[in-house]
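# Inside the fold
So the chains spell out like this:
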Amino acid sequence: MAVQQNKKSRSKKGMRRAHHALVAPNIVLCPNCKAPSLSHVVCPTCGTYKGRQYLRKGTL
Ligand SMILES: [Zn+2]
């Protein structure tokens, strides 16, 4: 196991943790069914993405 040679300063700890902030997911309205869904992801409501049907919804 790697063991650090010197104690990292509070400043260095803050620099490392500067990238730890959480970001809110990018919610967009589906162009097909207008339901809110994640961008660049197949719509969980109607199953379409970029005009193509990827999931079977309501056809069973
Ligand atoms: Zn949709």
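The shown structure was predicted, so the numbers you read here are calculated from the model rather than taken from an experiment.

As a further point, take the layout of surface pockets. In this structure, the largest pocket spans a volume of roughly 190 Å³. Residue lining of the largest pocket: 15 residues in total, with C30, P31, T48, Y49 and K50 positioned closest to the centre. Breaking the lining of the largest pocket down by element, the ones donating at least two residues are β1 (27-29), β2 (36-38) and β3 (48-49). When the residues that make up the lining of the largest pocket are grouped by side-chain class, the tally is eight nonpolar, six polar and one charged.

Our focus in this paragraph is the coordination of the zinc ion. Only C30 (SG), C33 (SG), C43 (SG) and C46 (SG) from the protein reach the zinc ion as donors, at distances of 2.2 to 2.3 Å. Its four donor atoms give the zinc ion angles of 107 to 112° at the centre, a pattern that matches the tetrahedral case. In primary sequence terms, the donor set of the zinc ion follows C-x2-C-x9-C-x2-C. With C30 in the loop between β1 and β2 and C43 in the loop between β2 and β3, the pair connects residues that are 13 residues apart, well separated along the chain. For the residue pair C30 and C43, the accessibility class agrees, reading buried in each case.

Conventions we followed
Residues numbered from 1 in each chain as written. Predicted model: local features only at pLDDT ≥ 70, side-chain atom pairs only at ≥ 80, totals over all residues. Heavy atoms only, no water. 1 Å grid on protein atoms, 1.4 Å probe; cavity = no way out; pocket = protein on both sides within 12 Å on 5 of 7 lines; lining within 4 Å. Points joined across faces, edges and corners; volume = space filled by probe spheres on them. Helix = DSSP H or I, 4+ residues; strand = E, 2+ residues; numbered from the N terminus. Nonpolar A, V, L, I, M, F, W, Y, C, P; charged D, E, K, R; others polar. Donors = N, O, S within 2.8 Å, 3.2 Å for Na, K, Ca; no water. Tetrahedral: all angles 85-135°; square planar, octahedral: opposite > 155°, others 65-115°. Buried < 20%, exposed > 50% of the residue type's maximum accessible area, 1.4 Å probe, protein only.

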